[in-house]
Amino acid sequence: MKIIVRWLLLAAALLLVASLYSGVSVASFGTALIAALVLGLFNTLVRPLLVLLTLPVTLLTLGLFLFVINALMFWAAAEVLDGFGVAGFGAALIGSVLYSLCGVFIDAAVERVFTPSSD
């Protein structure tokens, strides 16, 4: 149940990012659901490999290159899906930062709701 709620909230966050920033476009909530799933799969399967391969650059930039990797994942998801678009790399960078910030708040809220209290 926790995973489904998180997925739905991340899809809503993607719609929020598209409404806040004109460089990102999402056609519908269904497209946002699929895009959130694809982003999750890319971040689970591809991102760790990219982080490992770019470790020297990431260390040289004191971790700032991770923003580039996040933007590449965001951009790749937009390229794979119809109905989810990103205007360019800069838009992917801004969109991925906004989406990540939403994800942080969503993760905190989901953990708070689904963690049993010790009262």
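### Here we look at the packing of aromatic side chains
Moving on, step 1. Going through the model one piece at a time under the given rule, you end up with three aromatic pairs.
Moving on, step 2. Taking the centre distance of 5.4 Å and the plane angle of 85° together, the rings of Phe74 and Phe84 count as edge-to-face. Residue Phe74 is found in helix α5 (residues 65–80), and its partner Phe84 is found in strand β2 (residues 84–86); the two are separated by ten residues along the sequence.
Moving on, step 3. With a relative accessible area of 3%, Phe84 lands in the buried category.
Moving on, step 4. Taking 5.8 Å as the distance between ring centres and 55° as the angle between the ring planes, the aromatic pair formed by Trp75 and Phe89 counts as tilted. Taken together, the positions of Trp75 in helix α5 and Phe89 in helix α6 (residues 89–114) put the pair 14 residues apart, joining distant regions of the chain.
Moving on, step 5. On the accessibility criterion, Phe89 (31% relative accessible area) is partly exposed.

### Description of unusual backbone geometry
Moving on, step 1. Not every positive phi belongs to a glycine, and Leu62 is a case in point at roughly 55°.
Moving on, step 2. Inspection of the secondary structure assignment puts Leu62 in the loop between α4 (55–60) and α5.
Moving on, step 3. Look at Leu62 and you get exposed, because its relative accessible area is 80%.

### Examining the nonpolar core
Side chains of nonpolar character tend, in soluble globular proteins, to be buried together.
Moving on, step 1. Residues Leu14, Phe74, Phe84 and Tyr99 are the most contacted members of the largest nonpolar core, which totals 27 residues.
Moving on, step 2. For this core, the secondary structure elements donating two or more residues are α1 (2–20), β1 (24–26), α2 (29–45), α5, β2 and α6.
Moving on, step 3. Ignoring sequence-local partners within four residues, the contact set of Tyr99 consists of Leu10, Ala13, Leu14, Val17, Ala36, Leu39 and Phe74.

### Concerning the packing of α5 against α6
Moving on, step 1. Axis separation between α5 and α6 bottoms out at 8 Å; the angle between their running directions is 100°. With respect to their mutual orientation, α5 and α6 come out roughly perpendicular. Residues Phe67, Val68, Asn70, Ala71, Leu72, Phe74 and Trp75 of α5 form the contact with α6, whose own contacting residues are Phe89, Ala92, Leu93, Gly95, Ser96, Val97, Tyr99 and Ser100.
Moving on, step 2. Here the contact of α5 with α6 is built from residues that sort into eleven nonpolar, four polar and no charged.

Criteria and cut-off values
- Residues numbered from 1 in each chain as written.
- Predicted model: local features only at pLDDT ≥ 70, side-chain atom pairs only at ≥ 80, totals over all residues.
- Heavy atoms only, no water.
- Phe/Tyr/Trp six-rings, centres within 6.5 Å; stacked < 30°, edge-to-face > 60°.
- Helix = DSSP H or I, 4+ residues; strand = E, 2+ residues; numbered from the N terminus.
- Buried < 20%, exposed > 50% of the residue type's maximum accessible area, 1.4 Å probe, protein only.
- Core = buried A, V, L, I, M, F, W, Y, C linked by side-chain atoms within 4.5 Å.
- Contact = heavy atoms within 4.5 Å.
- Axes fitted to C-alpha atoms, helices over the stretch in contact; angles between N-to-C directions.
- Parallel < 35°, antiparallel > 145°, perpendicular 65-115°, else oblique.
- Nonpolar A, V, L, I, M, F, W, Y, C, P; charged D, E, K, R; others polar.

The values are spatial; any link to function lies outside them.
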